[in-house]
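# Structural overview
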Amino acid sequence: MRISKRVDELAPSGIRAFFDLVLGMKDVISLGVGEPDFVTPWHVRARAIESLEQGYTSYTSNKGMVELRLEIAALLERRRQISYDPEEEILITVGVSEALDLAMRAILNPGEKVLVPEPCYVAYGPVVELAGGKAVFLRTSIENGFKVTPQQIDEAAGRGVRGILLGYPCNPTGTSYSKKELEAIARVVKKHDMLVISDELYDELTYDFEHTPMATLPQMRDRVVYLNGFSKSYAMTGFRIGYACGPADIIGAMTKIHQYTMLCAPITGQMAAIEAIKTASGDVLAMKKEYDRRRRFIVGALNDIGMTCHMPQGAFYAFPSVKVSGENSLDFARNLLLKQKVALVPGVAFGHCCEDHVRISYASSYDNLTEAIARIEKYLKKK
Amino acid sequence: MSKVKPSPSTVVRALIEVSITPQKDVGFDSIAERIYSYPEVKSCYLLSGGFDLLVIVEGESIHTVADFVAAKLSSMANVRQTATHFLLRKYKEEGQIFKHSKNERRQIISC
């Protein structure tokens, strides 16, 4: 056996074949894209180009450029009223994906468990497993808006559970949590002396209330690894810049792994990220406004054609039920693709509890969304 | 009533520089009013610089706009000179960028 047992035992993606099918088709309306349809704001792209012209092509500090860490610290102070020391408590990573991996490897001993509310981002389970841990999935459903409850956490916590990996607003459901709901979760976390790996990448795309970082709740700062980045809010996915903030011991441990594996995040991305913080807050708001317009349209339209859909509070995804079709999520997605050329992501990609749902990304033009809804309705009527 | 009712997709637009002789007491206002009252005139601005009014005119064709300029605008009393610039392509307007060939650069599907 040439492949390690740990990798070999990782569950294969159940939707790989479906993705291959989508990639082989032409003239498809895709609502299956997990990244913004906006191009990075021009000021940011221009700074990246300029930095290359000026010869910024070297490594940076392992932790990331100090100017970027200072800007992030100031941004969090200004936007979220939370303070992190740029020298000891902030690490620049290659997207939040790397930060997630580092956090798991930094905190987990072999066999230790991490609670993961489901549905969740596709990488959550694998990063826990690859770090030698065990993911314990907590199932949620549309009935309670796909929110994990403090009771679920309380019942699953205990011996061998190091923490909870919570992503909000959530990819794929768009679900987020009010401050009150987070406080109830925080109480259980403190009761069981757990850590929270808090993936808040979509925080700026919260529509109905102000986003509350888990780390700002009383006595939580020292037990939260706060993850964020530039990919979604600033439409900078390709620049691959994320960051982790947290207690110095955990950030130090993450930095230790990062320096031996990644060395540093790409300098062009870091230069662009500095510019994004300085100049792109208006662009972030404009994109959010457009996503919100689409959100209201798509959720209303889905419910109108019989696909029950809760109102997501954030991100740019809707997660409707496909029960009306009589099919499971994979069959629905496959048949819709073949018959109406609309691509979306089957819910099973995001957890076993999602057989009856599909993820629809509204990071697509209004015209595309309108046409896609018409085709989905046609598909359902022909059944 | 104007016969000019161009639809957005077929509209021809021209930016016209107009030099005028200001009138006693009313300056540019009176002649500007006579110009902007035409429905063909979509916008009219008094500017500093080498000419006086910038007039934006829309019509169904280049000929319609040219006829309007020749018959109505150039011949108007106190209008000394006009220079007509037809709009060929719109790159950006009111903050919105118009791309004539937008290539989708994202992967067609991703999680």
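Everything in this summary refers to the structure shown in the same document. (Residues numbered from 1 in each chain as written. Chains lettered and ligands numbered in written order. Predicted model: local features only at pLDDT ≥ 70, side-chain atom pairs only at ≥ 80, totals over all residues. Heavy atoms only, no water.)

All right, on to the interface of chain B and chain A then. Tallying the contact residues gives 7 residues for chain B and 22 residues for chain A. Taking both sides of the interface into account, the surface hidden between chain B and chain A amounts to around 1200 Å²; carbon and sulfur atoms contribute 61%. When the area that chain B buries against chain A is broken down by residue, the three leading residues are B:Arg106, B:Ile109 and B:Cys111, summing to 62%. Counting every contact that joins chain B to chain A gives 0 salt bridges. The interface formed by chain B and chain A holds 9 residue pairs in polar contact (both at pLDDT 80 or more) in total. The class makeup of the residues in the side of chain B that touches chain A is 3 nonpolar, 2 polar and 2 charged. (Contact = heavy atoms within 4.5 Å. Buried area = accessible area lost by both parts, 1.4 Å probe. Salt bridge = Lys/Arg side-chain N within 4 Å of Asp/Glu carboxyl O. Polar contact = N/O pair within 3.5 Å; in protein donor to acceptor, adjacent residues only side chain to side chain. Nonpolar A, V, L, I, M, F, W, Y, C, P; charged D, E, K, R; others polar.)

Think of an α-helix as 3.6 residues a turn; residues three or four steps apart then line up on the same face. Residues and elements named next belong to chain A. In this model, helix 5 (residues 95-107) (13 residues) spans 19 Å end to end at C-alpha, consistent with the 18 Å of a helix rising 1.5 Å per residue. Within helix 5, 10 of the 13 residues are buried, which leaves it mostly tucked inside the rest of the structure. Residues Gly95, Val96, Glu98, Ala99, Leu100, Asp101, Leu102, Ala103, Met104 and Ile107 constitute the buried set of helix 5. (Helix = DSSP H or I, 4+ residues; strand = E, 2+ residues; numbered from the N terminus. Expected span 1.5 Å × (residues − 1). Buried < 20%, exposed > 50% of the residue type's maximum accessible area, 1.4 Å probe, protein only.)

Below, the discussion takes up the environment of A:Ala315. Residues and elements named next belong to chain A. With respect to the helices and strands, the residue Ala315 is situated in the loop between helix 11 (281-304) and strand 9 (317-318). It is 18 Å that separates the C-alpha atoms of Ala315 and Arg79, two residues lying 236 residues apart in sequence. Aside from chain neighbours lying at most four places away, what touches Ala315 is Pro169, Cys170, Gly174, Tyr202, Leu205, Tyr207 and Tyr362.

To continue, consider the sheet that holds strand 2 (residues 90-93) of chain A. Residue and element names in this part refer to chain A. Strand order across the open sheet formed by 7 strands is 2-8-7-6-5-3-4, with mixed pairing between neighbours. Every interior strand has two partners, whereas the edge strands, strand 2 and strand 4 (134-139), have only one. Put simply, the sheet's adjacent strands are angled 20 degrees from each other on average, direction ignored. Two strands pair when backbone bridges link them, and strand 3 (residues 113-118) and strand 5 (residues 161-167) are joined in this way by 3 bridges, in the parallel orientation. Each residue of the ladder has a partner; that of Lys113, found in strand 5, is Val161. Helix 9 (residues 248-261) contacts strand 2, strand 6 (195-199), strand 7 (224-229) and strand 8 (242-245) of the sheet and is inclined by roughly 30 degrees relative to strand 2. (Pairing = 2+ DSSP bridges. Axes fitted to C-alpha atoms, helices over the stretch in contact; angles between N-to-C directions.)

Residue and element names in this part refer to chain A. According to the stated counting rule, one finds 15 aromatic pairs over all chains in the structure shown. Plain terms: the ring middles of Phe18 and Phe19 are 6.4 Å apart, the flat faces sit at 65 degrees to each other, and that makes the pair edge-to-face. Ring centres 5.0 Å apart and planes at 40 degrees place the aromatic pair Phe297 and Tyr366 in the tilted group. Placement of the pair is Phe297 in helix 11 and Tyr366 in helix 13 (residues 366-382), with a sequence separation of 69 residues. Three or more aromatic residues joined by ring pairs form one cluster here, namely Phe38, Tyr202, Tyr291, Phe316 and Tyr317. The aromatic ring of Tyr177 is capped on one face by Lys147, whose charged end is 5.8 Å from the ring centroid. Of note, Arg293 hangs over the ring of Tyr366, and the distance from its end group to the ring centre comes to 4.1 Å. (Phe/Tyr/Trp six-rings, centres within 6.5 Å; stacked < 30°, edge-to-face > 60°. Lys NZ or Arg CZ within 6 Å of the ring centre and 35° of its normal.)

With that settled, the discussion passes to the pattern of salt bridges. Side-chain pairs of opposite charge can arise whenever the charged atoms involved come near each other. Residue and element names in this part refer to chain A. All chains considered together, the criterion is met by 31 salt bridges over all chains. Ionic pairing is found between Glu112 and Arg162, a salt bridge with its closest N-O pair at 3.3 Å. Residue Glu112 is located in the loop between helix 5 and strand 3, and its partner Arg162 is located in strand 5; the two are separated by 50 residues in the primary sequence. With relative accessibility at 18%, the residue Glu112 sits in the buried group. Put simply, Asp154 and Lys191 hold a salt bridge, and the shortest N to O gap is 3.0 Å. Of this pair, Asp154 sits in helix 7 (residues 150-156) while Lys191 is found in helix 8 (residues 179-191), placing the two residues 37 residues apart along the sequence. Overlapping salt bridges bring together Arg79, Arg80, Asp203, Glu204 and Glu210 as one network.

Function-wise, these values are silent; they only describe arrangement.
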